[in-house]
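Working through the structure, step by step
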Amino acid sequence: MGKIIRIGTRDSELALWQANTVKEKLENLGHQTALVPVKSTGDLVLDKPLHELGITGIFTKTLDVALLKGEIDIAVHSMKDVPTILPNDIVQAAVLERGNFLDILAYKTNQEFLAQKNAVIATGSLRRKAQWLNRYPTHTTTDLRGNVNTRIEKLRNSDWNGAIFAAAGLERIGIKHKNTIGLTWMLPAPAQGAIVVVARKGDVEILNACTELNDEPTEICTTVERQFLNKLEGGCTAPIGALAKIEEDRVVLQGVLLSTDGSKKLESELSARVGEHHNLGRDCANSILARGGKRLMSEIQGGLTKSPTVFSTKKLTSDQLSRFRESVTVDSEDFIQVNPSRIPSVVLKSKIKNVIITSQNAVEAILTHNTADTLQFENIYCVGRKTKRLIEKRIGPVKHQEKNAIKLAQHLVEYMDGLEVTYFCSHQRLDDLPTILSENNITVNEVEAYRTKYSPTEIANGVEGVLFFSPSGIESYLLKNPADKIAYCIGETTAKFARKHFADVHLARIPTIESVIDKVNENYDQK
(Lines give C-alpha, C1' and ligand atoms only; values in the text may rest on other atoms or scores of the structure.)
Protein backbone atom coordinates (compact mmCIF):
# COMPACT_ATOMS: atom_id res chain seq x y z
CA MET A 1 0.00 0.00 0.00
CA GLY A 2 1.54 3.28 -1.13
CA LYS A 3 -0.34 5.91 0.87
CA ILE A 4 0.43 6.93 4.44
CA ILE A 5 -2.33 5.76 6.79
CA ARG A 6 -3.30 8.69 9.02
CA ILE A 7 -4.27 7.36 12.44
CA GLY A 8 -6.65 9.59 14.43
CA THR A 9 -6.54 9.44 18.22
CA ARG A 10 -7.42 11.43 21.29
CA ASP A 11 -4.38 12.93 22.98
CA SER A 12 -4.61 11.30 26.41
CA GLU A 13 -1.76 9.04 27.49
CA LEU A 14 -3.90 5.91 27.26
CA ALA A 15 -5.39 6.85 23.89
CA LEU A 16 -1.92 7.50 22.48
CA TRP A 17 -0.73 4.13 23.76
CA GLN A 18 -3.58 2.46 21.90
CA ALA A 19 -2.93 4.40 18.72
CA ASN A 20 0.78 3.65 18.82
CA THR A 21 -0.03 -0.04 19.23
CA VAL A 22 -2.08 0.08 16.02
CA LYS A 23 0.66 2.12 14.35
CA GLU A 24 3.32 -0.44 15.21
CA LYS A 25 1.21 -3.36 13.99
CA LEU A 26 0.46 -1.66 10.68
CA GLU A 27 4.11 -0.76 10.14
CA ASN A 28 5.15 -4.32 10.92
CA LEU A 29 2.86 -5.33 8.06
CA GLY A 30 4.70 -2.95 5.74
CA HIS A 31 2.36 0.05 5.82
CA GLN A 32 3.41 3.68 6.29
CA THR A 33 1.56 5.50 9.06
CA ALA A 34 1.30 8.85 10.86
CA LEU A 35 -0.42 9.72 14.13
CA VAL A 36 -2.93 12.57 14.09
CA PRO A 37 -3.91 13.55 17.66
CA VAL A 38 -7.27 15.36 17.64
CA LYS A 39 -8.26 17.62 20.54
CA SER A 40 -11.68 19.10 19.68
CA THR A 41 -14.21 19.37 16.91
CA GLY A 42 -13.58 23.11 16.38
CA ASP A 43 -15.60 24.88 13.71
CA LEU A 44 -17.15 22.07 11.68
CA VAL A 45 -18.12 22.39 8.06
CA LEU A 46 -20.19 19.38 7.02
CA ASP A 47 -22.87 18.76 4.44
CA LYS A 48 -25.18 17.34 7.09
CA PRO A 49 -25.84 18.26 10.73
CA LEU A 50 -24.33 15.95 13.34
CA HIS A 51 -27.66 14.43 14.37
CA GLU A 52 -28.24 13.16 10.85
CA LEU A 53 -24.86 11.42 10.94
CA GLY A 54 -25.89 9.52 14.06
CA ILE A 55 -22.85 10.73 16.02
CA THR A 56 -23.49 10.31 19.76
CA GLY A 57 -20.38 9.18 21.68
CA ILE A 58 -18.60 12.10 23.30
CA PHE A 59 -15.24 10.28 23.29
CA THR A 60 -15.57 9.28 19.65
CA LYS A 61 -17.46 12.22 18.15
CA THR A 62 -14.45 14.41 17.34
CA LEU A 63 -12.63 11.57 15.61
CA ASP A 64 -15.80 10.54 13.76
CA VAL A 65 -16.06 14.03 12.33
CA ALA A 66 -12.36 14.10 11.35
CA LEU A 67 -12.82 10.72 9.67
CA LEU A 68 -15.88 11.83 7.71
CA LYS A 69 -14.11 15.01 6.62
CA GLY A 70 -11.17 12.98 5.30
CA GLU A 71 -8.68 14.46 7.76
CA ILE A 72 -7.74 10.97 9.00
CA ASP A 73 -8.00 7.49 7.48
CA ILE A 74 -8.72 5.46 10.60
CA ALA A 75 -9.62 6.21 14.22
CA VAL A 76 -8.55 4.17 17.25
CA HIS A 77 -10.81 3.87 20.30
CA SER A 78 -11.29 2.03 23.54
CA MET A 79 -14.12 -0.14 22.32
CA LYS A 80 -16.17 0.31 25.48
CA ASP A 81 -16.42 4.04 24.66
CA VAL A 82 -17.84 3.51 21.18
CA PRO A 83 -21.64 3.80 20.74
CA THR A 84 -23.24 0.49 19.80
CA ILE A 85 -24.53 2.06 16.58
CA LEU A 86 -21.78 3.63 14.49
CA PRO A 87 -22.34 6.86 12.53
CA ASN A 88 -23.45 6.61 8.91
CA ASP A 89 -20.56 5.85 6.55
CA ILE A 90 -18.26 4.66 9.37
CA VAL A 91 -17.59 0.95 9.84
CA GLN A 92 -15.67 -1.26 12.22
CA ALA A 93 -12.42 -2.12 10.46
CA ALA A 94 -10.68 -4.27 13.07
CA VAL A 95 -10.70 -5.33 16.71
CA LEU A 96 -7.32 -6.07 18.23
CA GLU A 97 -6.75 -9.06 20.49
CA ARG A 98 -8.36 -8.23 23.79
CA GLY A 99 -6.28 -7.20 26.77
CA ASN A 100 -7.17 -7.61 30.43
CA PHE A 101 -10.94 -7.15 30.72
CA LEU A 102 -11.10 -7.23 34.54
CA ASP A 103 -11.85 -4.40 36.94
CA ILE A 104 -9.40 -4.21 39.83
CA LEU A 105 -9.57 -2.74 43.31
CA ALA A 106 -6.59 -0.63 44.32
CA TYR A 107 -6.41 -0.26 48.10
CA LYS A 108 -4.25 1.42 50.73
CA THR A 109 -2.64 -1.02 53.18
CA ASN A 110 -4.71 -4.14 53.86
CA GLN A 111 -7.91 -5.91 52.86
CA GLU A 112 -9.55 -5.97 56.29
CA PHE A 113 -12.17 -3.44 55.24
CA LEU A 114 -13.72 -6.05 52.93
CA ALA A 115 -15.02 -7.88 56.01
CA GLN A 116 -16.06 -4.72 57.84
CA LYS A 117 -19.43 -3.01 57.86
CA ASN A 118 -18.13 0.42 56.93
CA ALA A 119 -15.76 1.21 54.08
CA VAL A 120 -15.48 3.87 51.38
CA ILE A 121 -14.82 2.82 47.78
CA ALA A 122 -14.25 5.39 45.03
CA THR A 123 -15.58 5.02 41.49
CA GLY A 124 -17.31 7.24 38.94
CA SER A 125 -18.88 4.28 37.13
CA LEU A 126 -22.53 3.42 37.69
CA ARG A 127 -21.83 -0.19 36.77
CA ARG A 128 -18.96 -0.57 39.24
CA LYS A 129 -20.84 1.26 41.99
CA ALA A 130 -23.96 -0.89 41.61
CA GLN A 131 -22.06 -4.19 41.57
CA TRP A 132 -19.97 -3.17 44.58
CA LEU A 133 -23.02 -2.16 46.62
CA ASN A 134 -24.83 -5.34 45.62
CA ARG A 135 -21.95 -7.34 47.14
CA TYR A 136 -21.16 -4.94 50.01
CA PRO A 137 -24.48 -3.14 50.73
CA THR A 138 -23.27 -1.41 53.93
CA HIS A 139 -20.29 0.20 52.24
CA THR A 140 -20.29 3.72 50.83
CA THR A 141 -19.21 4.69 47.33
CA THR A 142 -17.81 8.10 46.47
CA ASP A 143 -17.30 9.75 43.11
CA LEU A 144 -13.95 9.48 41.35
CA ARG A 145 -13.24 10.96 37.94
CA GLY A 146 -10.34 12.11 35.80
CA ASN A 147 -7.68 10.25 33.84
CA VAL A 148 -5.94 7.19 35.29
CA ASN A 149 -2.98 9.10 36.76
CA THR A 150 -5.27 11.66 38.38
CA ARG A 151 -7.46 9.00 39.96
CA ILE A 152 -4.51 7.04 41.37
CA GLU A 153 -3.16 10.25 42.90
CA LYS A 154 -6.56 11.07 44.41
CA LEU A 155 -6.67 7.60 46.00
CA ARG A 156 -3.21 8.03 47.51
CA ASN A 157 -4.12 11.42 48.99
CA SER A 158 -7.54 10.40 50.32
CA ASP A 159 -8.93 8.57 53.32
CA TRP A 160 -10.80 6.10 51.09
CA ASN A 161 -10.29 2.38 51.58
CA GLY A 162 -9.93 1.74 47.87
CA ALA A 163 -10.83 2.70 44.30
CA ILE A 164 -11.87 0.66 41.27
CA PHE A 165 -10.01 0.81 37.93
CA ALA A 166 -9.98 -0.99 34.61
CA ALA A 167 -6.95 -3.29 34.77
CA ALA A 168 -6.11 -2.67 31.12
CA GLY A 169 -5.87 1.08 31.64
CA LEU A 170 -3.27 0.73 34.40
CA GLU A 171 -1.29 -1.95 32.61
CA ARG A 172 -1.10 -0.17 29.26
CA ILE A 173 0.48 3.01 30.58
CA GLY A 174 2.66 1.22 33.11
CA ILE A 175 1.04 2.41 36.34
CA LYS A 176 1.74 0.05 39.23
CA HIS A 177 -0.11 0.31 42.52
CA LYS A 178 1.34 -1.73 45.37
CA ASN A 179 -1.94 -3.26 46.55
CA THR A 180 -4.53 -4.51 44.05
CA ILE A 181 -7.18 -7.22 43.85
CA GLY A 182 -8.69 -8.55 40.62
CA LEU A 183 -12.49 -8.30 40.89
CA THR A 184 -13.26 -11.55 39.11
CA TRP A 185 -16.86 -11.44 40.36
CA MET A 186 -17.56 -8.04 38.78
CA LEU A 187 -18.75 -8.18 35.17
CA PRO A 188 -16.88 -5.60 33.07
CA ALA A 189 -18.34 -3.02 30.73
CA PRO A 190 -19.18 -4.54 27.34
CA ALA A 191 -15.99 -4.67 25.23
CA GLN A 192 -13.78 -3.52 28.13
CA GLY A 193 -10.11 -4.18 27.40
CA ALA A 194 -10.60 -4.20 23.62
CA ILE A 195 -9.23 -1.71 21.09
CA VAL A 196 -11.26 -1.03 17.95
CA VAL A 197 -10.26 0.57 14.66
CA VAL A 198 -12.91 2.30 12.55
CA ALA A 199 -12.69 3.62 8.99
CA ARG A 200 -14.83 5.14 6.26
CA LYS A 201 -17.24 2.79 4.56
CA GLY A 202 -16.07 2.11 1.01
CA ASP A 203 -12.41 2.95 1.65
CA VAL A 204 -11.40 -0.48 0.35
CA GLU A 205 -7.64 0.03 0.50
CA ILE A 206 -7.71 1.10 4.15
CA LEU A 207 -10.22 -1.59 5.15
CA ASN A 208 -8.07 -4.28 3.55
CA ALA A 209 -5.02 -3.05 5.46
CA CYS A 210 -6.91 -3.07 8.77
CA THR A 211 -8.35 -6.55 8.19
CA GLU A 212 -4.88 -7.94 8.90
CA LEU A 213 -5.12 -6.56 12.46
CA ASN A 214 -8.44 -8.19 13.30
CA ASP A 215 -8.61 -10.84 16.03
CA GLU A 216 -11.66 -12.98 15.28
CA PRO A 217 -12.27 -14.40 18.79
CA THR A 218 -12.21 -10.87 20.25
CA GLU A 219 -14.48 -9.64 17.47
CA ILE A 220 -17.02 -12.38 18.19
CA CYS A 221 -17.03 -11.79 21.95
CA THR A 222 -17.22 -8.00 21.84
CA THR A 223 -19.95 -8.10 19.18
CA VAL A 224 -22.31 -10.17 21.34
CA GLU A 225 -21.51 -8.06 24.41
CA ARG A 226 -22.34 -4.85 22.55
CA GLN A 227 -25.48 -6.43 21.12
CA PHE A 228 -26.54 -7.19 24.70
CA LEU A 229 -25.86 -3.58 25.72
CA ASN A 230 -27.70 -2.14 22.71
CA LYS A 231 -30.82 -4.21 23.36
CA LEU A 232 -30.96 -3.28 27.05
CA GLU A 233 -30.02 0.37 27.24
CA GLY A 234 -32.23 1.98 24.58
CA GLY A 235 -30.33 5.24 24.94
CA CYS A 236 -30.33 5.18 28.74
CA THR A 237 -27.12 5.02 30.74
CA ALA A 238 -27.52 2.15 33.21
CA PRO A 239 -25.44 -0.26 35.33
CA ILE A 240 -24.89 -2.95 32.69
CA GLY A 241 -22.09 -5.50 32.55
CA ALA A 242 -21.36 -8.22 30.01
CA LEU A 243 -18.60 -10.72 29.28
CA ALA A 244 -18.42 -13.28 26.50
CA LYS A 245 -15.85 -16.08 26.23
CA ILE A 246 -15.26 -18.81 23.68
CA GLU A 247 -15.09 -22.21 25.38
CA GLU A 248 -14.19 -24.96 22.94
CA ASP A 249 -16.73 -24.46 20.13
CA ARG A 250 -19.27 -22.37 22.06
CA VAL A 251 -19.68 -18.68 22.85
CA VAL A 252 -20.74 -18.22 26.48
CA LEU A 253 -22.22 -14.84 27.44
CA GLN A 254 -22.83 -13.55 30.96
CA GLY A 255 -24.90 -10.38 31.35
CA VAL A 256 -26.12 -8.32 34.28
CA LEU A 257 -28.42 -5.34 34.87
CA LEU A 258 -28.62 -3.67 38.27
CA SER A 259 -30.42 -0.80 39.91
CA THR A 260 -28.17 2.21 40.48
CA ASP A 261 -27.99 1.50 44.22
CA GLY A 262 -27.21 -2.19 43.67
CA SER A 263 -30.27 -3.41 45.55
CA LYS A 264 -31.73 -5.11 42.47
CA LYS A 265 -29.80 -7.44 40.20
CA LEU A 266 -30.90 -9.40 37.14
CA GLU A 267 -28.49 -11.86 35.54
CA SER A 268 -28.49 -14.10 32.52
CA GLU A 269 -26.08 -16.63 31.05
CA LEU A 270 -26.60 -18.20 27.63
CA SER A 271 -24.40 -19.95 25.11
CA ALA A 272 -24.44 -20.83 21.42
CA ARG A 273 -22.19 -22.64 19.00
CA VAL A 274 -19.65 -20.50 17.16
CA GLY A 275 -21.33 -19.65 13.88
CA GLU A 276 -24.76 -19.78 15.50
CA HIS A 277 -24.03 -17.01 18.01
CA HIS A 278 -25.27 -14.01 16.03
CA ASN A 279 -28.38 -13.42 18.19
CA LEU A 280 -26.78 -14.44 21.49
CA GLY A 281 -26.49 -10.89 22.89
CA ARG A 282 -30.07 -10.07 21.97
CA ASP A 283 -31.38 -13.33 23.46
CA CYS A 284 -29.48 -12.76 26.71
CA ALA A 285 -30.88 -9.22 26.99
CA ASN A 286 -34.43 -10.41 26.23
CA SER A 287 -34.11 -12.96 29.02
CA ILE A 288 -33.37 -10.15 31.48
CA LEU A 289 -36.07 -7.85 30.08
CA ALA A 290 -38.66 -10.62 30.44
CA ARG A 291 -37.79 -11.12 34.12
CA GLY A 292 -38.29 -7.55 35.30
CA GLY A 293 -35.68 -5.79 33.20
CA LYS A 294 -38.17 -3.51 31.45
CA ARG A 295 -39.46 -2.18 34.74
CA LEU A 296 -35.96 -1.81 36.16
CA MET A 297 -34.79 0.09 33.08
CA SER A 298 -37.80 2.38 33.41
CA GLU A 299 -36.92 3.05 37.05
CA ILE A 300 -33.30 3.76 36.14
CA GLN A 301 -34.31 6.11 33.33
CA GLY A 302 -36.60 8.05 35.65
CA GLY A 303 -33.99 8.20 38.39
CA LEU A 304 -31.25 9.44 36.12
CA THR A 305 -33.33 12.22 34.64
CA LYS A 306 -34.66 13.67 37.88
CA SER A 307 -31.50 15.55 38.77
CA PRO A 308 -28.73 16.92 36.54
CA THR A 309 -25.12 15.83 36.98
CA VAL A 310 -23.76 19.29 36.19
CA PHE A 311 -25.25 22.77 36.02
CA SER A 312 -24.20 25.64 33.77
CA THR A 313 -24.58 29.22 35.02
CA LYS A 314 -25.00 30.30 31.40
CA LYS A 315 -27.86 29.05 29.22
CA LEU A 316 -26.43 26.54 26.74
CA THR A 317 -27.41 25.98 23.13
CA SER A 318 -28.56 22.60 21.81
CA ASP A 319 -25.19 22.11 20.07
CA GLN A 320 -23.37 22.82 23.32
CA LEU A 321 -25.62 20.42 25.26
CA SER A 322 -24.99 17.68 22.69
CA ARG A 323 -21.25 18.05 23.29
CA PHE A 324 -21.48 16.52 26.79
CA ARG A 325 -20.73 12.86 27.30
CA GLU A 326 -23.91 10.74 27.24
CA SER A 327 -23.65 9.84 30.94
CA VAL A 328 -23.62 13.53 31.95
CA THR A 329 -27.04 15.09 32.48
CA VAL A 330 -27.10 18.86 32.24
CA ASP A 331 -29.25 21.81 33.22
CA SER A 332 -28.49 25.47 32.55
CA GLU A 333 -29.80 28.92 33.38
CA ASP A 334 -28.43 32.44 33.03
CA PHE A 335 -27.21 33.52 36.46
CA ILE A 336 -26.25 36.94 35.08
CA GLN A 337 -28.50 39.33 33.19
CA VAL A 338 -26.66 41.88 31.06
CA ASN A 339 -28.07 45.32 30.30
CA PRO A 340 -26.11 47.70 28.03
CA SER A 341 -25.42 51.13 29.47
CA ARG A 342 -25.93 54.30 27.45
CA ILE A 343 -22.37 55.28 26.62
CA PRO A 344 -22.01 59.05 26.05
CA SER A 345 -21.79 59.75 22.32
CA VAL A 346 -18.89 62.13 22.92
CA VAL A 347 -16.85 59.10 24.06
CA LEU A 348 -17.68 56.88 21.11
CA LYS A 349 -17.30 59.59 18.49
CA SER A 350 -13.91 60.73 19.79
CA LYS A 351 -10.69 59.39 18.36
CA ILE A 352 -9.26 56.86 20.84
CA LYS A 353 -5.71 55.63 20.40
CA ASN A 354 -5.83 52.55 22.67
CA VAL A 355 -9.01 50.61 23.50
CA ILE A 356 -9.42 47.62 25.83
CA ILE A 357 -12.40 45.24 25.47
CA THR A 358 -12.49 42.17 27.70
CA SER A 359 -15.86 40.60 26.86
CA GLN A 360 -18.38 40.04 24.09
CA ASN A 361 -20.93 41.86 26.25
CA ALA A 362 -18.86 45.05 25.94
CA VAL A 363 -18.78 44.68 22.14
CA GLU A 364 -22.56 44.37 21.99
CA ALA A 365 -22.97 47.33 24.34
CA ILE A 366 -20.70 49.57 22.24
CA LEU A 367 -22.74 48.77 19.14
CA THR A 368 -26.16 49.15 20.76
CA HIS A 369 -26.50 52.80 19.77
CA ASN A 370 -23.61 53.08 17.29
CA THR A 371 -22.32 51.58 14.07
CA ALA A 372 -18.76 50.52 13.39
CA ASP A 373 -18.16 53.30 10.85
CA THR A 374 -18.74 55.95 13.55
CA LEU A 375 -16.07 54.53 15.84
CA GLN A 376 -12.54 55.91 15.76
CA PHE A 377 -10.58 53.20 17.59
CA GLU A 378 -6.95 53.11 16.48
CA ASN A 379 -5.63 50.13 18.48
CA ILE A 380 -8.00 47.53 19.96
CA TYR A 381 -6.74 45.10 22.62
CA CYS A 382 -8.98 42.29 23.88
CA VAL A 383 -9.34 39.18 26.03
CA GLY A 384 -10.52 35.87 24.53
CA ARG A 385 -10.62 34.38 21.06
CA LYS A 386 -14.39 34.70 20.71
CA THR A 387 -14.25 38.33 21.75
CA LYS A 388 -11.55 38.89 19.14
CA ARG A 389 -13.62 37.22 16.41
CA LEU A 390 -16.67 39.31 17.32
CA ILE A 391 -14.66 42.56 17.33
CA GLU A 392 -13.10 41.84 13.96
CA LYS A 393 -16.46 40.85 12.53
CA ARG A 394 -18.40 43.83 13.89
CA ILE A 395 -15.87 46.65 14.52
CA GLY A 396 -12.42 46.16 13.02
CA PRO A 397 -8.94 44.64 13.42
CA VAL A 398 -7.60 43.65 16.84
CA LYS A 399 -4.06 44.79 17.64
CA HIS A 400 -3.44 42.07 20.24
CA GLN A 401 -5.41 39.39 22.14
CA GLU A 402 -4.61 37.48 25.32
CA LYS A 403 -6.45 34.71 27.13
CA ASN A 404 -6.96 36.68 30.37
CA ALA A 405 -6.89 40.24 31.69
CA ILE A 406 -3.64 39.90 33.63
CA LYS A 407 -1.69 38.69 30.61
CA LEU A 408 -3.21 41.48 28.51
CA ALA A 409 -2.17 44.09 31.08
CA GLN A 410 1.36 42.71 31.14
CA HIS A 411 1.53 42.88 27.35
CA LEU A 412 0.29 46.49 27.32
CA VAL A 413 2.88 47.54 29.88
CA GLU A 414 5.61 46.09 27.68
CA TYR A 415 4.47 46.91 24.16
CA MET A 416 1.65 49.48 24.04
CA ASP A 417 2.28 52.73 22.21
CA GLY A 418 1.31 55.56 24.58
CA LEU A 419 0.48 55.92 28.26
CA GLU A 420 -3.33 56.08 28.15
CA VAL A 421 -6.09 53.51 27.47
CA THR A 422 -9.88 53.53 27.38
CA TYR A 423 -11.34 50.44 29.04
CA PHE A 424 -14.94 49.45 28.15
CA CYS A 425 -16.11 47.28 31.03
CA SER A 426 -18.98 46.33 33.32
CA HIS A 427 -19.89 48.37 36.37
CA GLN A 428 -18.57 45.31 38.25
CA ARG A 429 -15.11 44.25 37.20
CA LEU A 430 -11.98 42.80 38.77
CA ASP A 431 -9.15 45.12 39.71
CA ASP A 432 -6.25 43.21 38.14
CA LEU A 433 -6.04 44.94 34.76
CA PRO A 434 -6.49 48.59 35.82
CA THR A 435 -4.24 48.05 38.87
CA ILE A 436 -1.34 46.65 36.84
CA LEU A 437 -1.64 49.45 34.28
CA SER A 438 -1.89 52.19 36.91
CA GLU A 439 1.13 50.83 38.79
CA ASN A 440 3.07 51.23 35.55
CA ASN A 441 1.97 54.85 35.03
CA ILE A 442 -0.61 54.10 32.37
CA THR A 443 -3.78 56.15 32.69
CA VAL A 444 -6.95 54.03 32.53
CA ASN A 445 -10.17 55.76 31.42
CA GLU A 446 -12.96 53.38 32.44
CA VAL A 447 -16.22 53.53 30.51
CA GLU A 448 -19.22 51.63 31.87
CA ALA A 449 -20.42 49.71 28.80
CA TYR A 450 -22.93 47.46 30.52
CA ARG A 451 -24.35 46.53 33.89
CA THR A 452 -24.76 43.01 35.20
CA LYS A 453 -27.58 41.88 37.45
CA TYR A 454 -27.48 38.74 39.54
CA SER A 455 -30.20 36.22 38.73
CA PRO A 456 -29.36 33.15 40.84
CA THR A 457 -31.30 29.89 40.95
CA GLU A 458 -31.19 27.28 43.69
CA ILE A 459 -29.81 24.14 42.06
CA ALA A 460 -30.67 20.52 42.89
CA ASN A 461 -28.80 18.71 45.67
CA GLY A 462 -27.60 15.98 43.32
CA VAL A 463 -25.57 18.33 41.13
CA GLU A 464 -21.88 17.43 41.27
CA GLY A 465 -20.30 20.22 39.24
CA VAL A 466 -21.07 23.78 38.17
CA LEU A 467 -19.84 25.61 35.06
CA PHE A 468 -18.74 29.21 35.59
CA PHE A 469 -17.92 31.83 32.97
CA SER A 470 -17.12 34.92 35.06
CA PRO A 471 -16.40 35.95 38.65
CA SER A 472 -19.80 37.68 38.77
CA GLY A 473 -21.42 34.39 37.81
CA ILE A 474 -19.77 32.80 40.83
CA GLU A 475 -20.97 35.62 43.08
CA SER A 476 -24.51 35.17 41.76
CA TYR A 477 -24.37 31.41 42.32
CA LEU A 478 -23.18 31.79 45.93
CA LEU A 479 -26.19 33.93 46.81
CA LYS A 480 -28.38 30.81 46.82
CA ASN A 481 -26.02 27.83 46.71
CA PRO A 482 -23.14 26.35 48.73
CA ALA A 483 -19.58 26.06 47.42
CA ASP A 484 -19.48 22.26 47.84
CA LYS A 485 -19.41 21.35 44.13
CA ILE A 486 -16.70 20.96 41.51
CA ALA A 487 -16.16 24.33 39.80
CA TYR A 488 -15.42 24.23 36.05
CA CYS A 489 -14.10 27.63 34.95
CA ILE A 490 -13.71 29.24 31.53
CA GLY A 491 -10.53 31.19 32.28
CA GLU A 492 -7.83 31.87 34.84
CA THR A 493 -9.54 35.03 36.16
CA THR A 494 -12.71 33.09 36.89
CA ALA A 495 -10.73 30.16 38.32
CA LYS A 496 -8.71 32.47 40.59
CA PHE A 497 -11.93 33.85 42.04
CA ALA A 498 -13.44 30.35 42.32
CA ARG A 499 -10.47 29.08 44.36
CA LYS A 500 -11.41 31.54 47.11
CA HIS A 501 -14.62 29.57 47.66
CA PHE A 502 -14.39 26.10 46.06
CA ALA A 503 -12.02 23.31 47.06
CA ASP A 504 -12.06 21.61 43.64
CA VAL A 505 -11.54 23.95 40.68
CA HIS A 506 -10.93 22.87 37.06
CA LEU A 507 -9.72 25.28 34.37
CA ALA A 508 -10.60 24.95 30.69
CA ARG A 509 -7.67 24.66 28.29
CA ILE A 510 -8.87 27.64 26.27
CA PRO A 511 -11.44 30.29 27.27
CA THR A 512 -14.48 28.99 25.38
CA ILE A 513 -17.74 27.39 26.49
CA GLU A 514 -16.90 24.32 24.43
CA SER A 515 -13.58 23.95 26.22
CA VAL A 516 -15.32 24.12 29.60
CA ILE A 517 -17.63 21.32 28.44
CA ASP A 518 -14.60 19.32 27.28
CA LYS A 519 -13.09 19.74 30.75
CA VAL A 520 -16.27 18.28 32.28
CA ASN A 521 -16.11 15.33 29.87
CA GLU A 522 -12.42 14.82 30.64
CA ASN A 523 -13.23 14.60 34.33
CA TYR A 524 -15.87 11.95 33.61
CA ASP A 525 -13.44 9.83 31.58
CA GLN A 526 -13.62 6.30 32.98
CA LYS A 527 -10.52 4.95 31.32
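Below is a summary of the structure that appears in this document. Since the model is a prediction, treat every value here as computed from it, not as a measurement.

Before going further, it helps to spend a moment on the environment of Ser263. Counting through the fold element by element, Ser263 comes out in the loop between β12 (250-258) and β13 (265-273). Separated by 111 residues in sequence, Ser263 and Ile152 have C-alpha atoms that sit 28 Å apart.

The next point concerns the sheet that holds strand β22 (residues 465-468). The five strands are arranged β15-β14-β22-β23-β24 in an open sheet whose pairing can be described as parallel. Of all strands in the sheet, those with a lone pairing partner are β15 (330-332) and β24 (504-507), marking the two edges. Shown here is a sheet whose adjacent strand axes are inclined to one another by a mean of 20°, direction ignored. As paired strands, strand β23 (residues 486-489) and β24 are joined by four bridges and run parallel to one another. By the bridge assignment for β24, Cys489 is matched with Leu507. Against the sheet, helix α18 (residues 513-523) engages β14 (310-312), β22, β23 and β24, with an angle of about 140° to β23.

Quick look at the pattern of salt bridges now. Scanning all chains against the criterion turns up 25 salt bridges. The partner of Glu267 in a salt bridge is Lys265, with the nearest N and O atoms 3.6 Å apart. Judged by its relative accessible area of 48%, Glu267 falls in the partly exposed class. On the basis of relative accessible area, Lys265 is assigned to the partly exposed category, the value being 37%.

Before going further, it helps to spend a moment on the packing of aromatic side chains. Under the counting rule described, the total for this entry stands at ten aromatic pairs. Residues Phe311 and Phe335 carry aromatic rings whose centres are separated by 5.7 Å and whose planes lie at 70° to one another, so their mutual orientation is edge-to-face. With Phe311 in strand β14 and Phe335 in the loop between β15 and β16 (336-340), this residue pair connects regions lying 24 residues apart in the sequence. Given the relative accessible area of 4%, Phe311 is considered buried. Overall, the relative accessible area of 0% leaves Phe335 in the buried class. Through a chain of ring-to-ring contacts, the aromatic side chains of Phe311, Phe335, Phe468, Tyr477 and Phe502 assemble into a single cluster.

Scanning the model with the defined rule gives two cavities of 30 Å³ or more in all. Approximately 100 Å³ is the volume found for the largest cavity. In this structure, the largest cavity is lined by 14 residues; those nearest its centre are Ser78, Lys80, Ala168, Gly169 and Arg172. If you list the elements that add at least two residues to the lining of the largest cavity, you get α1 (13-28) and α6 (167-172). Here the element with the most residues in the lining of the largest cavity is α6; it accounts for three residues. Taken together, the residues of the lining of the largest cavity sort by class into six nonpolar, five polar and three charged.

Calculation criteria
- Residues numbered from 1 in each chain as written.
- Predicted model: local features only at pLDDT ≥ 70, side-chain atom pairs only at ≥ 80, totals over all residues.
- Heavy atoms only, no water.
- Helix = DSSP H or I, 4+ residues; strand = E, 2+ residues; numbered from the N terminus.
- Pairing = 2+ DSSP bridges.
- Axes fitted to C-alpha atoms, helices over the stretch in contact; angles between N-to-C directions.
- Contact = heavy atoms within 4.5 Å.
- Salt bridge = Lys/Arg side-chain N within 4 Å of Asp/Glu carboxyl O.
- Buried < 20%, exposed > 50% of the residue type's maximum accessible area, 1.4 Å probe, protein only.
- Phe/Tyr/Trp six-rings, centres within 6.5 Å; stacked < 30°, edge-to-face > 60°.
- 1 Å grid on protein atoms, 1.4 Å probe; cavity = no way out; pocket = protein on both sides within 12 Å on 5 of 7 lines; lining within 4 Å.
- Points joined across faces, edges and corners; volume = space filled by probe spheres on them.
- Nonpolar A, V, L, I, M, F, W, Y, C, P; charged D, E, K, R; others polar.

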